[in-house]
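Spelled out, the chains give:
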Amino acid sequence: MFAVTTMVRFPTAFTILFGLIVVVAALTWVIPAGQYQRAYNEVLGKEAPVPGTYVEVPPNPQGIGAVLMAPIAGLYDPATGTANAIDVAVFVLVIGGFLAVVTKTGAIDAGIGRLLTALRGREILMIPILMTAFAAGGTSYGMAEESLAFYAIVLPVFIRAGYDAITGVAVIMLGAGIGTLGSTFNAFATVVGSNAAAVPFTDGLPLRVLILVLCLAAGIWFVMRYARRVKLDPARSVVADQRDDNIAHFLKRTEAATALPEFTPVRGVILVLFGVTFAVMLYGVIALGWWMGQMSALFLGMSILTYAAAKFDHVTRMDEQTFVETFVGGARDLLGVALIIGVARGIVVVMDAGKITDTILHAREAALGGLAPVAFINRMLLNQTLLSFLVPSSSGLAVLSMPILAPLADFAGVARSLVVTAYQSANGWVNLFNPTFAVVMGGLAIGRVSYNRWLRFLWPLLLVLAVIVVAALSVAAMSSGPPPRPTPSAASPG
């Protein structure tokens, strides 16, 4: 008799989302079809459901053909010619190529190396500087997996300076993570979420900047306080029993093995171009009315400009073939993100076609419609926190939840942008310690920090960050005031 061991693996996000398409299609045969009347809402600048106008309509159940078409129609509806999410998917691919080209030049690594050299002997100052730099990556493009490459660079520096492994891990993981929590124009959180909520991603920008600044300040204070305590008394380190082993492990590498790229004038120019790209994007969106097409063109153009600048230095120079392969490789790395946007949007396509979207909204309106704005936004924050454990991907959670949850804000008298902010804050907060998030577990593994010790170190800061987010959302909900209530048109529902 032989024992058979089977490893059960959790399904991928694609399988889960496609399964949800099947479930939603089945529900169109069960849930009564219905629609709200629509009217122009001045706050949204578009038509929105009118509370109290829901009526049942003839059903339109969806079959296997609709299920198979849903992921395609989620990106582009061939029946109507409507570009549902194809523009967002293209933007994700182009920004992936841009980031790959900048990374290929070594400019970011060289910048970090220049900073570490300049602050030798004053390593405590690296904490606010590096956490701010990683937060900039988090708030602008959702820096996550990219941060894993920096652990081997940063950890030996902190340990050599008398700190511990958790200090180095916290600088990287909390810096990038808090930046993502306070995303301002993150393509994979703010932009995707706002697009799914049918609002410009610049709506709610001041509040997100405030959350970013307050949370980052709290994080820097927390890590610096811990680092000073550990340096004065190494026994107070959460990983004090690993001190000798960590010193042997992280400092056994030769200087040559941990050498960083040389910081050259050309790499400095490339870093400036990198920052200018995001500044121009913000200006274009706010002042010039740009959207996905123009932003994609900007990142494509800046990729070419980075390639041209790199040619002026033999260290960064790449030929045309290398440039194209690097750009395409970066886009390929984000192909899964681009496709998952279409698959997730397909859920809404099936719901809309089956005319059950408004029925679900009507049920949630009954459950949440009586809540005051502050209670509503905090209930939304709790919902997104729970969902984030199941769907750690910021883009996946955005396209899955925003089309259903954001319209509920219309009934509660708050701006949809607040729901987007609640979603990304909850997702960013959970992903600071989410055991299903590969970036957390990978970073802890590199830093040789067990998960339970990370929680012991982190929990006080988690409470502080939660208080900041709840307070910011609550004040914003109180001050936003109810939107103008639209008047239903005489036209038939829909």
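These numbers were taken from a predicted model, which means no experiment stands behind them. (Residues numbered from 1 in each chain as written. Predicted model: local features only at pLDDT ≥ 70, side-chain atom pairs only at ≥ 80, totals over all residues. Heavy atoms only, no water.)

Undergrad: With reference to specific residues and values, describe the overall build of the protein chain.
TA: Along its length, the protein chain carries 21 helices and four strands. Residues classed as buried in the protein chain amount to 53% of the 494 residues present. For the protein chain, contacts bridging at least 24 residues in sequence account for 78% of all contacts bridging at least 6. With the model as given, the accessible surface of the protein chain reaches about 21400 Å², and the carbon-plus-sulfur share is 66%. (Helix = DSSP H or I, 4+ residues; strand = E, 2+ residues; numbered from the N terminus. Buried < 20%, exposed > 50% of the residue type's maximum accessible area, 1.4 Å probe, protein only. Contact = heavy atoms within 4.5 Å. Areas by Shrake-Rupley, 256 points an atom, 1.4 Å probe, with all protein chains shown as cover.)

Undergrad: Could you give an account of the packing of helix 4 (residues 107-118) against helix 5 (residues 126-141), with specific residues and numbers?
TA: Where helix 4 contacts helix 5, the axes come no closer than 11 Å and their chain directions differ by 170 degrees. The orientation of helix 4 relative to helix 5 falls into the category roughly antiparallel. Judged by residue contacts, I112, L115 and L116 of helix 4 engage M126, I129 and L130 from helix 5. A breakdown of the residues in the contact of helix 4 with helix 5 according to their chemical character gives six nonpolar, no polar and no charged. (Axes fitted to C-alpha atoms, helices over the stretch in contact; angles between N-to-C directions. Parallel < 35°, antiparallel > 145°, perpendicular 65-115°, else oblique. Nonpolar A, V, L, I, M, F, W, Y, C, P; charged D, E, K, R; others polar.)

Undergrad: Residues and numbers for the side chain of S194, please.
TA: Secondary-structure assignment places S194 in helix 8 (residues 187-197). Residue classification places S194 among the buried residues on the basis of a relative accessible area of 0%.

Undergrad: Can you lay out the nonpolar core for me, pointing to particular residues and giving the numbers?
TA: Side chains of a nonpolar character, in soluble globular proteins, are inclined to be buried together. Judged by nonpolar contacts, the single largest core of 137 residues is most densely connected at L130, L174, W454 and F457. Top element by residues in this core is helix 9 (residues 205-232). It accounts for 13 residues. If we skip the residues at most four places from it in the chain, F457 touches I166, A170, L174, F222, Y226 and V238. (Core = buried A, V, L, I, M, F, W, Y, C linked by side-chain atoms within 4.5 Å.)

Undergrad: I'd like a description of the pattern of salt bridges, backed by residues and values.
TA: Opposite charge on two side chains allows them to pair when their charged atoms are near. Taken as a whole and judged by the stated rule, the model has one salt bridge. When the shortest N-O distance is used, the salt bridge between D241 and R453 registers 2.5 Å. In this pair, D241 sits in the loop between helix 9 and helix 10 (243-250) while R453 sits in helix 21 (residues 451-480), placing the two residues 212 residues apart along the sequence. Looking at D241, the relative accessible area reads 56%, which means it is exposed. (Salt bridge = Lys/Arg side-chain N within 4 Å of Asp/Glu carboxyl O.)

Undergrad: Outline helix 7 (residues 165-181), listing residues and values.
TA: Under the 1.5 Å per step criterion, the end-to-end length of helix 7 is 23 Å for 17 residues, consistent within 8% with the ideal 24 Å. When you tally the buried positions in helix 7, you get 17 out of 17 residues, the bulk of the element. (Expected span 1.5 Å × (residues − 1).)

Undergrad: Report on the packing of helix 3 (residues 86-104) against helix 12 (residues 292-310), specifying residues and quantitative values.
TA: In the contact formed by helix 3 and helix 12, the axes pass within 9 Å of each other and the chain directions differ by 15 degrees. By the criterion of interaxial angle, the relationship of helix 3 to helix 12 is roughly parallel. The hand of the helix 3/helix 12 crossing is left-handed. Along its contact with helix 3, which presents D87, V88, V90, F91, V94, I95, G97, F98, V101 and V102, the element helix 12 presents M292, M295, S296, F299, L300, M302, S303 and T306. (Left-handed = near helix turned anticlockwise from the far one by under 90°.)

Undergrad: Could you give an account of a nonpolar patch on the surface, with specific residues and numbers?
TA: On the surface, a cluster of nonpolar side chains totalling about 370 Å² of accessible area is made up of F18, V22, I64 and L68. Elements with a contribution of two residues or more to the nonpolar patch: helix 1 (13-27) and helix 2 (64-75). In this fold, F18 is placed in helix 1. (Patch = residues over 30% accessible without salt bridge, like charges linked within 9 Å, V, L, I, M, F, W, Y side chains within 5 Å.)

Undergrad: Give me the lowdown on the environment of I172, citing residues and values where you can.
TA: Along the chain, I172 turns up in helix 7. Once the C-alpha coordinates of I172 and F134 are considered, the two residues, 38 residues apart in sequence, prove to be 6.5 Å apart. When near neighbours in sequence (up to four residues on either side) are disregarded, I172 contacts F134, S147, F150, Y151 and V154.

Undergrad: Now, about the packing of aromatic side chains: what can you tell me, with residues and values included?
TA: Two numbers describe a pair of aromatic rings. These are the distance of the centres and the angle of the planes. What the rule picks out here adds up to ten aromatic pairs. Ring geometry for F91 against F299: centres 5.7 Å apart, planes inclined by 65 degrees, an arrangement best described as edge-to-face. A residue pair is termed long-range when its members are at least 10 positions apart, and F91 in helix 3 and F299 in helix 12 qualify at 208 residues. For the pair shown, F91 and F299 are each scored as buried. Among the aromatic residues, those joined into a cluster by ring pairs are F91, F98, F274 and F299. (Phe/Tyr/Trp six-rings, centres within 6.5 Å; stacked < 30°, edge-to-face > 60°.)

Undergrad: So what's going on with the side chain of T105? Which residues, and what values?
TA: In this fold, T105 is placed in the loop between helix 3 and helix 4. With relative accessibility at 1%, the residue T105 sits in the buried group. Within the structure, T105 has its side chain in polar contact with the backbone nitrogen of A107 (distance 3.3 Å). When near neighbours in sequence (up to four residues on either side) are disregarded, T105 contacts R267, I270, T306, A310, T316 and M318. (Polar contact = N/O pair within 3.5 Å; in protein donor to acceptor, adjacent residues only side chain to side chain.)

Undergrad: Which residues make up the environment of L116, and what values go with them?
TA: Mapped onto the fold, L116 is located in helix 4. The buried category is assigned to L116, whose relative accessible area is 9%. Linking L116 and L130, residues 14 residues apart in sequence, is a C-alpha distance of 9.5 Å.

Undergrad: Residue-level account of the environment of L458, with values.
TA: Structurally, L458 is set in helix 21. Between the alpha carbons of L458 and A170 there is a distance of 8.9 Å; along the sequence they are 288 residues apart.

Undergrad: For helix 5, give the residues involved together with the corresponding values.
TA: When the terminal C-alpha atoms of helix 5 are compared, their 22 Å separation across 16 residues agrees well with the 22 Å that a helix rising 1.5 Å per residue should span. If you check which residues of helix 5 are buried, you get M126, I127, L130, M131, F134, A135, G137, G138, T139, S140 and Y141.

Undergrad: Quick one: what's the story with the confidence of the model for the protein chain, residue by residue and with numbers?
TA: Residue-level pLDDT values for the protein chain average 81, and 85% of them are 70 or greater. Across the protein chain, the secondary-structure element scoring lowest on mean pLDDT is strand 3 (residues 46-49), at 61, and the one scoring highest is helix 9, at 95. Here residues 1-7 is a poorly scored stretch, pLDDT under 50, and it has zero contacts once near neighbours within four places are set aside; other chains count. (pLDDT = per-residue confidence, 0-100.)

Undergrad: Run through unusual backbone geometry, naming residues and quoting values.
TA: Positioned with a positive phi, K355 is a non-glycine residue whose angle comes to about 60 degrees. Its location among the elements puts K355 in the loop between helix 14 (335-353) and helix 15 (357-368). The phi dihedral of R448 falls on the positive side, at around 60 degrees, and the residue is not glycine. On the basis of relative accessible area, R448 is assigned to the partly exposed category, the value being 33%.

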